[in-house]
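Here's the letter readout for the chains.
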Amino acid sequence: MNGPILALSSLRRLHSMSDPNNLCENEFWKDQFWKIDDEPLPDIRLDDGNLEFREQEQVISKYLVADPNTRCLEIGCCPGRYLWYFHTKYQYQVFGIEYVEKAAARTQAALDQHSIPAKILCEDLFNYSVPVEDRFQVVCSVGFVEHYRDIQEPLQKHIDLLAPEGLLIIWVPNHRGICGWILRFIQSDTYAIHNCMSWNDLKRTLSEFDDIEILEGGYWGKFNLAPSNFLPWLRSKVPYYPYRVVEKLHNLALRWGRYFPDTRVTSPYLGVVARRRNNEDKAGE
């Protein structure tokens, strides 16, 4: 099993701090990558045994079709796991955007290491655009939009880059549930840089876009403490063997969690799959 999928998901920012909509400064994210500069590249493979990705994949796989002509963009793509997944499983042409130069470089290197022909752009998302004919058939982000007070602006940028009939895939940590409660208690500063939105908040904001049709959304996953940062925090607080006992219990809960329902309290994530309507769709309504 790979390491925690979202271990670096909160280590990125793509917007300048001149915008008060940000919940944290860009320098914070840059500082984080100085800390991992000398570390080995992460294993970005999302194999079938990765329990943390199982629930999300069950949803998104209903709408994805293998096609080497499909262009897929991930916004905030470090460390590259989802680009690896989209190319390996669906043969997509994969692109990623990262604001922090070191994050972009490490992501490109990790994908190159696995011979994934990805193009990682070091760009400010809010200054990035493509010609209409080059818009993407799939636009996704994981653990990104929750770093804004008002998520409408980043969602608009996602949609601007999406081709008509294209798929929008977004999921974020569910900090309205148990993961948020734990994070607020153990790392209040990290908790503070998140918009602790509910599924209804995300759904309501997306519904304001006339050209977006929600296909499926809600709370995703049964039980997983990864978004709470609990295990890394615990590792720094207790001796190795007590930590390993807790880690094994957590992994056991992940395996048995498939029998639990998705709920606001226990689910680690909330997410959505949506489609961008084309002009013919809107004209016929």
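Note that the structure is a prediction, hence the values are computed from the model and not measured. (Residues numbered from 1 in each chain as written. Predicted model: local features only at pLDDT ≥ 70, side-chain atom pairs only at ≥ 80, totals over all residues. Heavy atoms only, no water.)

Student: Any chance you could explain the overall build of the chain here in plain terms?
Tutor: Along the chain, the regular secondary structure elements total 11 helices and 7 strands. Out of the 285 residues belonging to the chain, those deemed buried represent 55%. Sequence-distant contacts in the chain: of pairs separated by 6 or more residues, those separated by 24 or more amount to 78%. Summed over all atoms, the accessible surface of the chain reaches about 13100 Å², with 51% contributed by carbon and sulfur. (Helix = DSSP H or I, 4+ residues; strand = E, 2+ residues; numbered from the N terminus. Buried < 20%, exposed > 50% of the residue type's maximum accessible area, 1.4 Å probe, protein only. Contact = heavy atoms within 4.5 Å. Areas by Shrake-Rupley, 256 points an atom, 1.4 Å probe, with all protein chains shown as cover.)

Student: Can you walk me through the packing of aromatic side chains in this structure?
Tutor: Aromatic rings in a pair are described by how distant their centres are and how their planes are angled relative to each other. As enumerated under the stated definition, the model contains 14 aromatic pairs in all. Here W171 and W220 contribute two aromatic rings whose centre-to-centre distance is 6.0 Å and whose plane-to-plane angle is 50 degrees, an arrangement assigned as tilted. In this pair, W171 sits in strand β5 (residues 162-173) while W220 sits in strand β6 (residues 212-220), placing the two residues 49 residues apart along the sequence. When its relative accessible area of 3% is taken as the criterion, W171 is described as buried. Among the aromatic side chains, those forming a connected cluster through ring pairs are F53, Y82, Y85, F86, Y90, Y92, W171 and W220. (Phe/Tyr/Trp six-rings, centres within 6.5 Å; stacked < 30°, edge-to-face > 60°.)

Student: Help me understand helix α6 (residues 178-186) in this model?
Tutor: Counting along an α-helix, one turn takes 3.6 residues, and residues three or four places apart therefore face a common direction. Those residues of α6 not exposed but buried are C179, G180, L183 and I186. Along the long axis of α6, the arc covered by the buried residues comes to 140 degrees, so they all point the same way. Exposed residues lying more than 90 degrees from the buried face of α6 are R184 and F185. Of the surrounding elements, those touching the buried residues of α6 are α7 (188-192) and α9 (230-235). (Arc of directions from axis to C-beta.)

Student: Explain the nonpolar core to me, please; I cannot follow it from the model alone.
Tutor: The tendency in soluble globular proteins is for nonpolar side chains to be buried as a group. Within the largest apolar cluster, 32 residues are counted, with the highest numbers of intra-cluster contacts made by I60, L64, F86, I169 and W171. Going through the elements one at a time, α2 (51-60), α3 (81-90), α4 (101-113), β4 (136-142), β5 and β7 (269-276) are the ones with two or more residues in this core. No other element matches the 6 residues that α3 contributes to this core. Excluding residues that lie within four positions of it along the chain, I169 makes contacts with I60, L64, F86, V138, V139, C140, S141, V272 and V273. L202, L206, F209 and V272 belong to the second-largest nonpolar core, a separate cluster that totals 31 residues. (Core = buried A, V, L, I, M, F, W, Y, C linked by side-chain atoms within 4.5 Å.)

Student: Is there a simple way to think about the pairing of strand β3 (residues 119-122) in this case?
Tutor: Successive residues of a regular strand alternate their side chains across the two faces of the sheet. Here strand β2 (residues 93-98) runs beside β3; their pairing, made up of 4 bridges, is parallel. When the bridges of β3 are listed, G96 appears paired with I120. (Pairing = 2+ DSSP bridges.)

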